[in-house]
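# Tertiary structure, described
Chain by chain, the residues run as shown.
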Amino acid sequence: MATPRTKIGSRPEAPRAWQRMLSGRRLDLLDPSPLDIEIEDIAHGLSRVARWNGQTVGAHAFSVAQHSMIVEEICRKLAPGWDKKRRLLALLHDAPEYVIGDMISPFKAALGLDYKEFELKLESAIHLRFGLPAHPPAAIKAVIKRADIICAYFEAVQLAGFSEAEAKRFFGAPPRGMALKIKPAPVSDVQEAFLKRFRSLIDPA
């Protein structure tokens, strides 16, 4: 395993804690700045991050970007009176994963509080970049979380090999009368659709 380069009489160089994005931005992972966050980088990354660690059926991985669009769609059904900013919060609810990837919930729990604090710091920077509250109200977060769980139920049954009984045990039953048909799409299509949806919600008109 490589060790940090050292010079005689000097301390070891600190490990690199930033990532170069395709936009050219250099995002500090320990202290992310809203100024270094671009929606094109988020769309590019999320459309290439697979849900369920890639253990889904179909010719294409089911990406976090596609999941995020479905969650925003479910929020429109759960809270039809929401304005565009609240719906944008739903679309971006997993945005930090463009940097940190989609870790399954058991692994997040194993990593502990430090991981959650890191995720929240990045989420706050993303929200501020797009004119959203750094820390959304609990009531809004609760609706998004409910939509997230509903989406996970349908993903589990249709894509990830769960039986309906098993999915209900882990995620609960979806609302009566709600039905979704999920089909993983090609990366380029998802990336374009995610950007299109973002632009429709960021537009104040």
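First, a word on what this report is: a plain description of the structure on this page. (Residues numbered from 1 in each chain as written. Predicted model: local features only at pLDDT ≥ 70, side-chain atom pairs only at ≥ 80, totals over all residues. Heavy atoms only, no water.)

### Some words on the overall build of the chain
- The helix and strand inventory of the chain stands at 9 helices and 2 strands.
- If you list the helices and strands of the chain from N to C, you get β-β-α-α-α-α-α-α-α-α-α.
- A total of 205 residues make up the chain; the buried ones form 41% of that total.
- The contacts in the chain between residues at least 6 apart in sequence include a share of 66% that link residues at least 24 apart.
- As displayed, the chain has an accessible area near 11900 Å², and 56% of this comes from carbon and sulfur atoms. (Helix = DSSP H or I, 4+ residues; strand = E, 2+ residues; numbered from the N terminus. Buried < 20%, exposed > 50% of the residue type's maximum accessible area, 1.4 Å probe, protein only. Contact = heavy atoms within 4.5 Å. Areas by Shrake-Rupley, 256 points an atom, 1.4 Å probe, with all protein chains shown as cover.)

### With respect to unusual backbone geometry
- Of note, W52 is a non-glycine position whose phi angle comes to about 55 degrees, a positive value.
- The topology assignment puts W52 in the loop between α1 (39-46) and α2 (64-78).

### Concerning the environment of F194
- By the secondary structure assignment, F194 is in helix α9 (residues 187-202).
- Each C-alpha atom of the pair F194 and I39 lies 9.6 Å from the other, and the pair is 155 residues apart in sequence.

### Overview of α2
- Here α2 spans 21 Å end to end across 15 residues, near enough to the 21 Å set by a 1.5 Å rise per residue.
- Taking burial as the measure, the 15 residues of α2 include 11 buried ones, the bulk of the element.
- Taken together, the buried positions of α2 are occupied by V64, A65, Q66, H67, S68, M69, I70, V71, E72, I74 and C75.
- Contacts made by the buried residues of α2 are with α1, α3 (84-91), α4 (97-100), α7 (138-158) and α9. (Expected span 1.5 Å × (residues − 1).)

### Remarks on the side chain of E72
- Following the sequence through the fold, E72 ends up in helix α2.
- Looking at E72, its side chain comes within polar contact range of the side chain of R197, at 2.9 Å.
- Dropping the residues within four chain positions of it, E72 is found in contact with R87, A90, L91, R197 and L201. (Polar contact = N/O pair within 3.5 Å; in protein donor to acceptor, adjacent residues only side chain to side chain.)

### What about the side chain of S47?
- For S47, the location among the structural elements is in the loop between α1 and α2.
- Within the structure, the side chain of S47 is placed 3.0 Å from the backbone oxygen of H44, a separation counted as a polar contact.
- For S47, the residues in contact, after removing those within four places along its chain, are S63, A65, V187, V190 and Q191.

### So, the nonpolar core
- Formed by 53 residues in total, the largest nonpolar core has its most connected members in I42, L92, Y98, I126 and F194.
- Of all the secondary-structure elements, those providing two or more residues to this core are α1, α2, α3, α4, α6 (113-129), α7 and α9.
- If near-sequence neighbours (up to four positions away) are discounted, L92 is found in contact with I39, I126, F130, L132 and F194. (Core = buried A, V, L, I, M, F, W, Y, C linked by side-chain atoms within 4.5 Å.)

### Thoughts on the pattern of salt bridges
- According to the stated counting rule, one finds 7 salt bridges in the structure shown.
- With a shortest N-O distance of 2.9 Å, R197 and E72 are connected by a salt bridge. Taken together, the residues R197 in helix α9 and E72 in helix α2 connect sequence positions 125 residues apart.
- Notably, a salt bridge pairs K77 with E73, separated by 4.0 Å at the nearest N-O pair. Of this pair, K77 and E73 both sit in helix α2, separated by 4 residues, roughly a single helical turn.
- Of the residues examined, K77 reaches a relative accessible area of 45% and is grouped as partly exposed. (Salt bridge = Lys/Arg side-chain N within 4 Å of Asp/Glu carboxyl O.)

### Observations concerning α1
- Along α1, 6 of the 8 residues are buried, which leaves the element largely enclosed by surrounding structure.
- Burial in α1 covers these residues: I39, D41, I42, A43, G45 and L46.

### A word on the packing of aromatic side chains
- Tallied over the entire structure, the rule returns 7 aromatic pairs.
- Consider the rings of F162 and F171, whose centres lie 6.2 Å apart with planes at 45 degrees: the pair is tilted.
- Looking at F171, the relative accessible area reads 22%, which means it is partly exposed.
- Taking 6.5 Å as the distance between ring centres and 55 degrees as the angle between the ring planes, the aromatic pair formed by F170 and F171 counts as tilted.
- Grouped by ring-pair contacts, the aromatic residues W52, F162, F170 and F171 constitute a single cluster.
- In this structure, R26 is placed above the aromatic ring of W18, and the distance from its NZ or CZ to the ring centre is 4.4 Å. (Phe/Tyr/Trp six-rings, centres within 6.5 Å; stacked < 30°, edge-to-face > 60°. Lys NZ or Arg CZ within 6 Å of the ring centre and 35° of its normal.)

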